[in-house]
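Residue strings, one per chain:
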Amino acid sequence: MGEDGESSKLNHSFLRDYVTEADVISTVEFNQTGDLLATGDKGGRVVIFRREPEVKGEEEELAEVGEYNVYSTFQSHEPDFDYLKSLEIEEKINKIRWLPQQNAAHFLLSTNDKTIKLWKVSERDRRPEGYNLKDEEGRLKDISTVTSLQVPVLKPTDLMVEVRPRRVFANGHTYHVNSISVNSDGETYLSADDLRINMWHLDITDRSFNIVDIKPVNMEDLTEVITAAEFHPHHCHLFIYSSSKGTLRLCDMRASALCDRHAKIFEEPEDPGNRSFFSEIISSVSDVKFSHSGRYLLTRDYLTVKVWDLNMEKGPVETYQVHEYLRSKLCSLYENDCIFDKFECVWNSTDSVIMTGAYNSFFRMFDRETGRGVTLEAWRESSKPRAVLRTRRVYTGGRRRRGDVGVDSLDFTKKILHMAWHPEENIIAIAATNNLYIFQDRVNSENTENQ
Amino acid sequence: MKPWPAVCPSNCSVRPLAPSPAQLAAWLQSQHTELSTFTHCNLAPSGRGAAPLIQHPASKHAYVAHHQRTEVTRVLGCHSCCRIDMFSKGTKRKFSDDGDEISDESLAGAQVSSSYSLQRQSLLDMSLIKLQLCHMLVEPNLCRSVLIANTVRQIQEEMTHDGTWQVVTETFCGGSQSPSERLVATEVLCRSREQDAEPKLFSVLSYEGCREEEVVTDETLCSVSVSDTASDVCLSESARHCWERDEFVEVDRDDEACESSRLGPGDDDDDDDNDDDEVDEEEESSRVDPKTMGQVFGTFEIKNSAPGPDSALEELFSDVDASYYDLDTMLTGIQSAPKMGPYDLLDSLAPSHGPPSIGSPSNCRSDLNELDHIMEIIVGS
């Protein structure tokens, strides 16, 4: 991968800084084993990376140990047009979720603003040869030339990855779908838009159940929207959804068919000292994730990440400041719309470290045991393959160290919104505009870069 | 690295056909800056002709005359948000029975509150522009629109409350009216929804560390906050009334007859004090170059173009119309016929035909003339 980077640098250096809108990565997701990594972009394409199986017995330095290479690319969604409202429907992939693997094929759900699709990703590395009635190209043979019968045999061929759409779940949403989540029962999944959450069965495309509806009778009374939703990892009847007012609602589907009434509501009382006109906007939760254990919740609002205990509703158990230095700049960030950026947050495999993105290609990791946070950078210039990521710092006062970045020189166009953490190992995938960075925590501290 | 993007951020779902919010905000800022350099009379309580008073850098209770134009510095290239010391409205304001006596403290309060109001106003402008720009090819982001709309509502609510208690900072409309009554603000925290009595609550745009000498005291800037008056006529807190009052007051900036605009419901609530309070605000606003203000507030022009006061009043009072200007349609970019509702201000931002025009002074002028006529009739001469 390093060599490829070099050659592309030579040939396309003048194009390097030109980012086509369609190449901007909009979602990143590992599958349950971590062998596959799917990314969706604004152009409606999905690129799947697969981890190369480790080659044992070679020299450890040079072996391609577990690098991710492109496995398959396909066009998931096309731009569409809503004739009723005369508005375009973007093909941008909002979310990808993998289904638990049940056979040799892999299944993933991908969604744009309106339509969810189920894709089957299968490999084919052999094909039958030796047909009696067809020749090698598939043309029918002249029957008179057939003198003997042969049994077709499967011969290995080059690996082919086929991706086929298996289900299209359309017309379920009036508003923009922001989340999908596969249930632990393996049969259903939920899709959430701004005002409603629907539950689908994976095999049924013409029908879905509406389980949450917060649309007011009079749209003028609308003050709150749904921003994210997720099923509990173990309990198939529980799901959580977050709102633009910073509340989290845990719903139990056993209680009623329409879960407008929450079972629990998680809300932190507002800090009166920090109140401003932007208090509500920055309290809007942009992402919510259950921990792998199922006991904790991780939420991201504009300035912080918070860990909540499902058993305690009155407030988070941990709060981490992601970029508190932006608090005094909220007006400017409101003006250039950055205040509406939706950052994602992720747990590591053991729920001991949480990670989220920030601006200037920075992303932050917090160790829950020590409470300490570290800032890292996903930027081509400063990371060579197999180089150790060095920590960065935003200068907010005190003694200024070399390499500190001032708040005023942060690049707010370089934002890390989407990321994923390998379900078992310490491998992270960071999407920075149109680049995907994969960092691995190894003795050799490798990293790779893909475009 | 250019810190502030000149174009919309990459994940913005809006494809700008109209100027970007930043550009429009910059345009707005240029208007504000223009206003700020307009030297303007008067903070002196006795009334007319005094030189502008600048807060002494060391003490915020001392005022010195300053004849130079005060510039508004910008913080971080934030166009509409000037670096103004408006960190708090901490100064306690006293209700003075004698309208002519105003203590330094209340002046200071006026200073801070005026710059705060300016900030708030510019935030309101920005928010409305943002909502306006939702009308694009792609369906606008509902979450963003709702958050902006909530911000606008919040500002409106606060303006309702503050408008009642706003210190009237000046007067002088060619001497035609005297500010006999100054309703000096009491503790602004009389607002019902505030629990905490901390003045710090009002650091709505946190600009910590702003130095005092950067306080802009120009009258024009204070007068920009004219929108939060018109409190007398309607003490109710319904958002709709807030919108309507603001509309009318903002347009009332022509300089002639600066009578109060008794164009809202609840005339029974009026008393003379409030009238004059109203009057003062009118005069103060009228001092500003109407054309400039017209351009700035051109976006807030009243959609109602029917002549005569009656239809204007009727529109104001037309409560629930059959087809409300639905938030849904607004947010999805479909324009319906303008109705007077909580979002009719937004409606006036986007005429149902043609591209949104930020400045249309001619419309403002005709409206101004109508309303002047209205005021004359209602108030009498």
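Computed from a predicted structure; not experimentally measured.

What counts, and where the lines are drawn
Residues numbered from 1 in each chain as written. Chains lettered and ligands numbered in written order. Predicted model: local features only at pLDDT ≥ 70, side-chain atom pairs only at ≥ 80, totals over all residues. Heavy atoms only, no water. Helix = DSSP H or I, 4+ residues; strand = E, 2+ residues; numbered from the N terminus. Buried < 20%, exposed > 50% of the residue type's maximum accessible area, 1.4 Å probe, protein only. Contact = heavy atoms within 4.5 Å. Areas by Shrake-Rupley, 256 points an atom, 1.4 Å probe, with all protein chains shown as cover. Phe/Tyr/Trp six-rings, centres within 6.5 Å; stacked < 30°, edge-to-face > 60°. Lys NZ or Arg CZ within 6 Å of the ring centre and 35° of its normal. Pairing = 2+ DSSP bridges. Axes fitted to C-alpha atoms, helices over the stretch in contact; angles between N-to-C directions. Salt bridge = Lys/Arg side-chain N within 4 Å of Asp/Glu carboxyl O. pLDDT = per-residue confidence, 0-100. Patch = residues over 30% accessible without salt bridge, like charges linked within 9 Å, V, L, I, M, F, W, Y side chains within 5 Å. Core = buried A, V, L, I, M, F, W, Y, C linked by side-chain atoms within 4.5 Å. Polar contact = N/O pair within 3.5 Å; in protein donor to acceptor, adjacent residues only side chain to side chain. Disulfide = S-S within 2.5 Å.

### Quick word on the overall build of chain B
Broken down by element type, chain B carries 11 helices and 2 strands. Secondary structure of chain B in N-to-C order comes out as α-β-β-α-α-α-α-α-α-α-α-α-α. Here chain B, with 381 residues, has 61% of them falling under the buried criterion. Restricting the contact set of chain B to residue pairs at least 6 apart, pairs at least 24 apart contribute 76%. Accessible surface computed for chain B: about 13,900 Å², of which carbon and sulfur atoms make up 53%.

### Quick notes on the overall build of chain A
The secondary structure content of chain A amounts to 3 helices and 32 strands. Scored against the burial criterion, the 451 residues of chain A give a buried share of 53%. If you take every contact in chain A between residues at least 6 apart in sequence, the share linking residues at least 24 apart comes to 52%. If you sum the accessible surface of chain A, you get close to 21,000 Å²; carbon and sulfur atoms cover 49% of it.

### A short note on the environment of H262(A)
All names here are of chain A. Within the secondary structure, H262 is located in the loop between β17 (248-252) and β18 (264-266). H262 sits in the partly exposed class, given a relative accessible area of 33%. Each C-alpha atom of the pair H262 and I240 lies 9.1 Å from the other, and the pair is 22 residues apart in sequence. With sequence-adjacent residues up to four places away left out, H262 is seen in contact with R249, L250 and C251.

### As for the packing of aromatic side chains
Geometrically, a pair of aromatic rings is defined through the distance of the ring centres and the angle of the planes. Residue and element names in this part refer to chain A. Per the stated rule, a full pass over the model turns up 17 aromatic pairs over all chains. Arranged with centres 5.3 Å apart and planes meeting at 85 degrees, the rings of F343 and Y359 form a pair that is edge-to-face. Placement of the pair is F343 in the loop between α3 (330-335) and β23 (345-347) and Y359 in the loop between β24 (353-357) and β25 (362-367), with a sequence separation of 16 residues. Comparing F343 with Y359 shows no difference in burial state: the two are buried. A cation over a ring is seen here: R368 above Y296, with NZ or CZ 4.7 Å from the ring centre.

### Some thoughts on the sheet that holds β17(A)
The strands that make up a sheet are held in pairs by hydrogen bonds between backbone atoms, and each pair lies either parallel or antiparallel. Residue and element names in this part refer to chain A. Strand order in the open sheet formed by 4 strands is β15-β16-β17-β18, with antiparallel pairing between adjacent strands. Two strands close off the open sheet at either side, each with one partner strand: β15 (226-231) and β18. Sheet twist, expressed as the mean angle between neighbouring strand axes with direction ignored, is 20 degrees.

### Topic: the pattern of salt bridges
Residue and element names in this part refer to chain A. Counted according to the given criterion, the structure contains 32 salt bridges over all chains. The closest approach of N and O atoms between R50 and E123, which form a salt bridge, is 2.9 Å. Here R50, found in strand β3 (residues 45-51), pairs with E123, found in strand β9 (residues 116-129); they are 73 residues apart in sequence, far enough to count as distant. Using a relative accessible area of 26% as the deciding quantity, one classes R50 as partly exposed. Three or more residues are tied together by salt bridges with common partners; here these are D23, D41 and R45.

### Thoughts on the sheet that holds strand β14 (residues 209-213) of chain A
Residues and elements named next belong to chain A. Sheet architecture is open: 4 strands sit in the order β11-β12-β13-β14, paired in antiparallel fashion. In this open sheet, the two edge strands, each paired with only one partner strand, are β11 (179-182) and β14. The average angle at which neighbouring strand axes cross in this sheet is 20 degrees, direction not considered.

### Side note on the confidence of the model for chain B
All names here are of chain B. Averaged over chain B, the pLDDT score is 49; the fraction of residues at 70 or greater is 15%. Within the model, the stretch residues 32-54 combines pLDDT values under 50 with 78 contacts to residues more than four positions away or in other chains. Taken together, the stretch residues 320-326 has pLDDT below 50 and engages in 21 contacts with residues farther than four places along the chain or on a different chain. We note a pTM of 0.62 for the whole complex and an ipTM of 0.88 for its interfaces.

### Some details on a nonpolar patch on the surface
Residue and element names in this part refer to chain A. Where nonpolar side chains cluster on the molecular surface, the patch consists of L133, L140 and I143 and spans about 370 Å² of accessible area. With respect to the helices, strands and loops of the structure, L140 is situated in the loop between β9 and β10 (153-169). Relative accessible area serves as the criterion here: at 70%, L140 is assigned to the exposed category.

### A look at the side chain of H237(A)
Residue and element names in this part refer to chain A. Tracing the chain through its elements places H237 in the loop between β15 and β16 (238-243). On the accessibility criterion, H237 (16% relative accessible area) is buried. Leave out the neighbours within four places in its chain, and H237 touches C251, D252, M253 and R254.

### Structural notes on unusual backbone geometry
Residue and element names in this part refer to chain A. Positive phi outside glycine occurs at D351, with the angle close to 65 degrees. With respect to the secondary-structure elements, D351 resides in the loop between β23 and β24. Despite not being glycine, N360 has its phi angle at roughly 60 degrees, a positive value. Note on placement: N360 falls in the loop between β24 and β25.

### So, the nonpolar core
Counting residues in each nonpolar core, the largest one holds 55 residues, and the members touching the most others are Y302(A), L326(A), Y334(A), I339(A) and L410(A). Elements supplying a minimum of two residues to this core: α2 (279-283), β20 (296-300), β21 (304-309), α3, β23 and β25 of chain A together with α2 (104-132) and α3 (142-165) of chain B. Looking at this core element by element, the count peaks at 9 residues for α3(B). Ignoring sequence-local partners within four residues, the contact set of Y302(A) consists of I282(A), S284(A), H323(A), L326(A), L330(A), L333(A), C338(A), I339(A), D341(A), F343(A) and Y359(A). In this structure, M365(A), L376(A), A378(A) and Y437(A) belong to the second largest nonpolar core, which totals 15 residues.

### Digging into the pairing of strand β31 (residues 435-440) of chain A
Residue and element names in this part refer to chain A. The element β31 is extensively covered by neighbouring structure, given that 6 of its 6 residues are classed as buried. Burial along β31 is two-sided: N435, Y437 and F439 facing one way and L436, I438 and Q440 facing the other are all buried. Bridge count for strand β30 (residues 427-432) against β31 is 6 bridges, and the pairing is antiparallel. Following the sheet pairing, A429 is matched in β31 by I438.

### Some points on the side chain of N178(A)
All names here are of chain A. Within the element layout of this structure, N178 appears in the loop between β10 and β11. A polar contact of 3.1 Å, which involves the side chain of N178, links it to the backbone oxygen of I226. Those residues in contact with N178 that lie beyond four places of it in its chain are K95, A192, D193, D194, I226, T227 and A228.

### Thoughts on the confidence of the model for chain A
Regions with low pLDDT carry predicted coordinates that are not meant to be interpreted in detail. All names here are of chain A. Summary statistics for chain A give a mean pLDDT of 89 and a share of 90% for residues scoring 70 or more. Segment residues 1-13: pLDDT under 50, and 8 contacts once partners within four positions in sequence are set aside and those in other chains are kept. Considering only residues more than four positions removed or in separate chains, one finds that residues 444-451, a stretch of pLDDT under 50, has 35 contacts.

### A closer look at the state of the cysteines
All names here are of chain A. Following the criterion strictly, the structure yields 0 disulfides over all chains and no others. Its sulfur unpaired, C259 is 5.2 Å from the next cysteine sulfur, which belongs to C251. We classify C259 as buried; its relative accessible area is 1%.

### What to know about the environment of V353(A)
Residues and elements named next belong to chain A. Here V353 shows up in strand β24. Among the residues examined, V353 registers a relative accessible area of 16% and is labelled buried. On a C-alpha basis, the gap between V353 and M365 in space is 6.8 Å, while along the polypeptide they are 12 residues apart. In this structure, V353 is in contact with V346, W347, N348, M365, F366, D367 and W421, ignoring residues within four places of it in sequence.

### A closer look at the pairing of β15(A)
It is a general feature of regular strands that their side chains alternate between the two faces of the sheet. Residue and element names in this part refer to chain A. Of all the 6 residues making up β15, 6 are buried; the element is thus mostly covered by neighbouring parts of the structure. Relative to β16, β15 runs antiparallel, the two being bridged by 5 bridges. Each residue of the ladder has a partner; that of A228, found in β16, is S242. Turn length for the β15-β16 hairpin, with the two strands adjacent in sequence and antiparallel, is 6 residues.

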